[in-house]
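A structural walkthrough
Here is how the chains run, residue by residue.
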Amino acid sequence: MTTSTQTVTRDGIRIYDPSDFAGMEKAGRLAAQILDDIADHVVVGQTTGALDQLITDWVAAAGATSATIGYRGYQHASCISVNHVVCHGIPGDKTLKDGDILNIDVTVIVDGWFGDCSRMYWAGKLSRKAERLIQVTHDSLMLGIEAAKPGNTFGDIGHAIQTYAEAQRMSVVRDFCGHGLGRVFHAPPNVLHYGRPGSGAVLEEGMFFTIEPMINLGRPETKILADDWTAVTRDKSLSAQFEHSIGITAQGAEIFTQSPGDRFHPTMRD
Ligand code: MF3
Ligand code: CO
Ligand code: CO
């Protein structure tokens, strides 16, 4: 038997070994594959509960575990957040109608490693304003990932996202953030999607975390519904989110949840 020591920064952020990337790649790939496969099932008339059931089945078929079932009492393998739902939408008997936009967020555990990602889908015909929101949210995540490299700070990531989204006259949700992950679901740091350049902890090779900006067409404020999970925009404006799990390398960031079928980017879906 061997003992291993863990490196943790003074901000409480765990530094993983180069050999740990393989585990995250496997977990991330499964989560992303599930998000690829669900795309064809997002159609008018489908219920969010039926989508979640498919995801539940696919996680089991892969021999993996859902990280969300049983997490703080949550009972589903996905969060499905429709229209003005910002995040943590609970799948159920809600039927998708023409023009609905939705985020599907899946977290799986494979060999003890967590893969967490989400992306946007829509049913029927996408409106121009929803398309713009989805595009801007996607691009803000990718700009955040571009800022994720050794020597930069978490504030640089947040700043990249915020500057871009606000320049498009959209707003960044402040009430939810990305998070460290790896052998655990949610770990330090809180990855804010807004911020000042040079603020926050310095990024180091071996940090694993998510970036998952939620962008609203209207104001940034949210509230939680009586089910204690569903977060919605207070002004009922449309909200979108994209999420990747990444690992910091010597050069920049490796995306663990890259779409195997290249279906992550909204304009590449059809
Ligand atoms: N996957 C979400 C995240 O990105 C967390 C969902 S927790 C749940 O962190 F319990 F709501 F599923
Ligand atoms: Co996450
Ligand atoms: Co997630």
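Here we come to empty space enclosed by the protein. Enumeration over the complete set of coordinates arrives at 1 cavity of 30 Å³ or more. Lining the largest cavity are S81, V85, V86, N103, M120, S239, A240 and Q241. Residue assignment for the lining of the largest cavity shows that the elements contributing at least two residues are β5 (85–87) and β15 (239–241). Examining the composition of the lining of the largest cavity, we find that 3 residues originate from one element, β15, more than from any other.

Attention now moves to the packing of helix α1 (residues 21–38) against helix α2 (residues 48–61). To characterise two packed helices, one gives the angle between the axes of the helices and the distance between these axes. The geometry of α1 relative to α2 is characterised by a closest axis approach of 11 Å and an angle of 140 degrees between their N-to-C directions. On the basis of the axis angle, α1 is oblique to α2. Pair α1 / α2 crosses with right-handed handedness. Between α1 and α2, the contacting residues are I34, D37 and I38 on the first element and L51, L54, I55, W58 and V59 on the second. Residue classes in the contact of α1 with α2 are distributed as 7 nonpolar, no polar and 1 charged.

It is worth spelling out unusual backbone geometry at this point. Glycine aside, a negative phi is what most residues show, and trans is what most peptide bonds show. Note that the residue after P188, namely P189, is joined by a cis bond; omega there is 0 degrees. Among the structural elements, P189 can be located in strand β10 (residues 187–191). In this structure, D111 is a non-glycine residue whose phi angle is positive, near 50 degrees. By the secondary structure assignment, D111 is in the loop between β6 (101–110) and β7 (113–122).

A few words now on the sheet that holds β5. Spatially, the 3 strands line up as an open sheet ordered β5-β14-β13, and their pairing is antiparallel. Strand pairing shows two members of the sheet lacking a second neighbour, β5 and β13 (222–224), which therefore form its edges. Shown here is a sheet whose adjacent strand axes are inclined to one another by a mean of 40 degrees, direction ignored. Pairing of β5 with strand β14 (residues 231–233), which is carried by 2 bridges, proceeds in the antiparallel orientation. For V85, the partnering residue across the bridge sits in β14 and is V232.

Below, the discussion takes up the coordination of the cobalt ion (ligand 3). Protein coordination at the cobalt ion (ligand 3) comes from D105 (OD), D105 (OD), D116 (OD) and E243 (OE), with a distance range of 2.1 to 2.3 Å. Geometry at the cobalt ion (ligand 3) is irregular, judged from the 6 donor atoms that bind it and their angles of 58 to 169 degrees at the metal. For the pair the cobalt ion (ligand 3) and the cobalt ion (ligand 2), the metal-to-metal distance amounts to 3.3 Å, and D116 bridges them. Separated by 11 residues along the polypeptide, D105 in strand β6 and D116 in strand β7 bring together distant segments of the chain. Grouping residues by exposure puts D105 and D116 together as buried.

A few words on the pattern of salt bridges. Evaluation of the coordinates by the stated rule reveals 5 salt bridges. A salt bridge links D100 to K97; its shortest N-O distance comes to 2.9 Å. In this structure K97 comes out as partly exposed when scored by relative accessible area, which is 48%. Across the pair R219 and E221 runs a salt bridge whose closest N-O atoms are separated by 2.9 Å.

Looking now at the nonpolar core. Counting 36 residues, the largest nonpolar core has L51, I55, L102, I104, V108, Y121 and F208 as the members making the most contacts within it. At the level of secondary structure, the elements contributing two or more residues to this core comprise α1, α2, β4 (78–82), β6 and β7. When residues in this core are grouped by element, the largest group, 9 residues, is from α1. Apart from residues no more than four positions distant in its own chain, I55 is found in contact with I34, I38, A77, S78, I104 and V106. Counting residues in each nonpolar core, the second largest holds 34 residues, with W122, A147, A165 and M170 among its members.

The rules behind each value
Residues take numbers from 1 onward in each chain, read along the sequence in its written order. In the order they appear in the text, chains get letters beginning with A and ligands get numbers beginning with 1. Given that the model is predicted, a residue must reach a pLDDT of at least 70 before its local features are reported, and side-chain atom pairs must reach 80 or more before they are shown or counted; all residues, however, enter totals for whole chains, interfaces and linings. Water and hydrogen atoms were dropped before computing side-chain values, which therefore reflect all heavy atoms in the structure. Here a cavity denotes grid points, spaced 1 Å and computed from the protein atoms alone, that fit a 1.4 Å probe unable to get out, and a pocket denotes an open set having protein on both sides within 12 Å along at least 5 of 7 lines; residues with an atom within 4 Å of a point are the lining. Grid points are joined across faces, edges and corners, and a volume is the space filled by probe spheres set on the points. Each helix is a run of H or I in the DSSP string that is no shorter than four residues. Each strand is a run of E no shorter than two, and both are numbered from the N terminus. Here an angle of 0 to 180 degrees is reported between the N-to-C directions of two axes, which are lines fitted to C-alpha atoms, with helices fitted over the stretch in contact. In what follows, roughly perpendicular refers to angles from 65 to 115 degrees, roughly parallel to angles under 35, roughly antiparallel to angles over 145, and oblique to any angle outside these ranges. Helix crossings get a hand from a simple test, with the near helix turned counterclockwise from the far one by less than a right angle marking a left-handed crossing and a clockwise turn marking a right-handed one. Whether two residues are in contact is decided by their heavy atoms, any of which lying within 4.5 Å being enough. Gly falls in the polar group here, along with every residue not listed as nonpolar (Ala, Val, Leu, Ile, Met, Phe, Trp, Tyr, Cys, Pro) or charged (Asp, Glu, Lys, Arg). Any two strands are treated as partners once DSSP identifies two or more bridges connecting them. Atoms of type N, O and S within 2.8 Å of a metal are treated as its donors, and for Na, K and Ca the window is 3.2 Å; water is not considered, so some sites may appear to be missing partners. Every geometry call rests on angle ranges, with four donors termed tetrahedral when all angles are between 85 and 135 degrees, four termed square planar and six termed octahedral when opposite donors are over 155 degrees apart and all others are between 65 and 115, and everything else termed irregular. For every residue, the accessible area (1.4 Å probe, protein chains only) is compared with the maximum for its type, and the residue is labelled buried under 20%, exposed over 50%, or partly exposed between those bounds. In what follows, salt bridge is the name for a side-chain nitrogen of Lys or Arg lying within 4 Å of a carboxyl oxygen of Asp or Glu. Put simply, buried Ala, Val, Leu, Ile, Met, Phe, Trp, Tyr and Cys residues joined by side-chain atoms within 4.5 Å make one nonpolar core.

These figures capture arrangement, not role.
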